[in-house]
Amino acid sequence: MELDDAINARRSIRKFKKGATIPKEDYLAMIEAGMYAPSARNGRPWRFAVIESRKLMDEIKKRHPYAKMLESASGLIVVLASPGGDESSSFFQQDAAACTENILLKATDLGYGTVWCGLYPIKERASILSDILGMPEIPVTMIAIGIPDENPLRRGVFEPERITFL
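Everything in this summary refers to the structure shown in the same document. (Residues numbered from 1 in each chain as written. Predicted model: local features only at pLDDT ≥ 70, side-chain atom pairs only at ≥ 80, totals over all residues. Heavy atoms only, no water.)

A few points about the overall build of the chain
The criterion, for reference: We count a stretch as a helix when DSSP gives it H or I for four or more residues in a row; a strand needs E for two or more, and each element gets its number in order from the N terminus. The reference for a compact globule is 2.2 Å times residues^0.38; the radius of gyration itself is calculated from the C-alpha atoms. Buried residues are those whose accessible area, probed at 1.4 Å on protein chains only, stays under 20% of the maximum for their type, while exposed residues exceed 50% and partly exposed ones sit between those limits. Note on areas: these come from Shrake-Rupley sampling with a 1.4 Å probe, and a residue is covered only by the protein chains present in the view. Residues scored as charged are limited to Lys and Arg (positive) and Asp and Glu (negative), so that His and the chain ends carry no count. Throughout, a charge is located at the NZ atom of Lys, the CZ atom of Arg, the CG atom of Asp or the CD atom of Glu.
Looking only at helices and strands, the chain features 5 helices and 4 strands. Relative to the globule expectation of 15 Å for 166 residues, the C-alpha radius of gyration of the chain, 16 Å, shows essentially globular dimensions. Dimensions of the chain, computed from C-alpha atoms along their principal axes, come out at roughly 50 × 40 × 30 Å. Residue burial in the chain is summarised as follows: out of 166 residues, 40% are buried. A total of about 9,700 Å² of accessible surface is found on the chain, and carbon and sulfur atoms cover 52% of it. A distance of 7 Å separates the average location of the 22 positive side-chain charges in the chain from that of its 22 negative side-chain charges.

This is the structure:
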């Protein structure tokens, strides 16, 4: 798939075909794309948790107010980040966001549907994943993944009036 095609095809999918599985190599391809994202001073603060366990996804769905899509998702990638000790570490949220977008586009390229669910900086949401995962890094985003069982219309629109050339 060409980049423009992936950008135009990407949608937030909240309904997935139940029972589908995602091969490990597809998870690895998505995360590899995420790791190619730019990061401040090449700090690469990210770490990833791939959740395929129905039990864990049900626990997250039960505790997180905006995780209903996990009912039918095949899996979940949680993008975590560690703010380090230098100035570039204050950009960990932006680094994780760029990484997340690359994962979304690669998933689209592979034929999967995704939905990005923000966690940090809303500490109550991030702490739910921290408690469940028991990992020291901060959960910044989570991405539900599966075979789409819906085809929503594109919501984005190009608005040239928002552009100022100086």
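A short note on the packing of helix H2 (residues 24–35) against helix H4 (residues 92–109)
Each pair of packed helices can be summarised by the angle the axes make with each other and by the distance between the axes. Operational definition: Angular values range over 0 to 180 degrees, each being the angle between N-to-C directions of two axes fitted as lines to C-alpha atoms, with helices fitted over their stretch in contact. Roughly parallel covers angles under 35 degrees, roughly antiparallel covers those over 145, roughly perpendicular covers 65 to 115, and oblique covers all other angles. Put simply, a crossing is left-handed when the front helix is turned counterclockwise from the back one by less than a right angle, and right-handed when it is turned clockwise. Contacts are residue-level and defined by heavy atoms, with any inter-residue pair within 4.5 Å sufficient. Three classes are used, and their members are as follows: Ala, Val, Leu, Ile, Met, Phe, Trp, Tyr, Cys and Pro are nonpolar, Asp, Glu, Lys and Arg are charged, and the others, Gly among them, are polar.
Relative to each other, H2 and H4 sit at 140 degrees, their axes nearing to 7 Å. With respect to their mutual orientation, H2 and H4 come out oblique. Crossing of H2 over H4 shows right-handed handedness. Touching Ala29, Met30, Ile31, Ala33, Gly34 and Met35 of H2 are Cys99, Asn102, Ile103, Lys106 and Ala107, all from H4. Taken together, the residues of the contact of H2 with H4 sort by class into 8 nonpolar, 2 polar and 1 charged.

Overview of the packing of helix H3 (residues 54–63) against helix H5 (residues 123–133)
Running from amino to carboxyl end, H3 crosses H5 at an angle of 150 degrees, the nearest separation of the two axes being 10 Å. One element, H3, and the other, H5, form an angle in the roughly antiparallel class. As H3 runs across H5, the sense of the crossing is right-handed. From H3, Leu56, Glu59, Ile60 and Arg63 reach across to H5, where they touch Ile128, Leu129, Asp131 and Ile132. Tallied by class, residues from the contact of H3 with H5 come to 5 nonpolar, no polar and 3 charged.

Let's talk about the sheet that holds strand S4 (residues 138–146)
Where we set the bar: Pairs of strands are assigned from DSSP output, requiring at least two bridges between the strands.
One open sheet holds the 4 strands; their spatial order is S1-S2-S4-S3, and the pairing between them is antiparallel. Each having just a single partner strand, strand S1 (46–51) and strand S3 (113–118) make up the two edges of the open sheet. On average, adjacent strands in this sheet sit at an angle of 20 degrees to one another, irrespective of strand direction. Both S1 and strand S2 (residues 75–81) contribute to a ladder of 6 bridges, which runs antiparallel. Within S2, the position partnered with Arg47 by the bridge is Leu80. Contacting S1, S2, S3 and S4, H4 runs over the sheet at an angle of about 10 degrees to S4.

Points about the pattern of salt bridges
To keep things clear, this is the line we draw: Any Lys or Arg side-chain nitrogen located within 4 Å of an Asp or Glu carboxyl oxygen qualifies as a salt bridge.
Going through the model one piece at a time under the given rule, you end up with 9 salt bridges. Of the charged contacts, one joins Asp58 and Arg54 as a salt bridge, the two residues approaching to 3.9 Å between their closest N and O atoms. Separated by 4 residues within a single helix, Asp58 and Arg54 lie in helix H3, roughly one turn from each other. Among the residues examined, Asp58 registers a relative accessible area of 32% and is labelled partly exposed. Its relative accessible area of 34% is what places Arg54 among the partly exposed residues. If you follow the salt bridges from partner to partner, you end up with Glu59, Lys62, Arg63 and Asp131 in one network.

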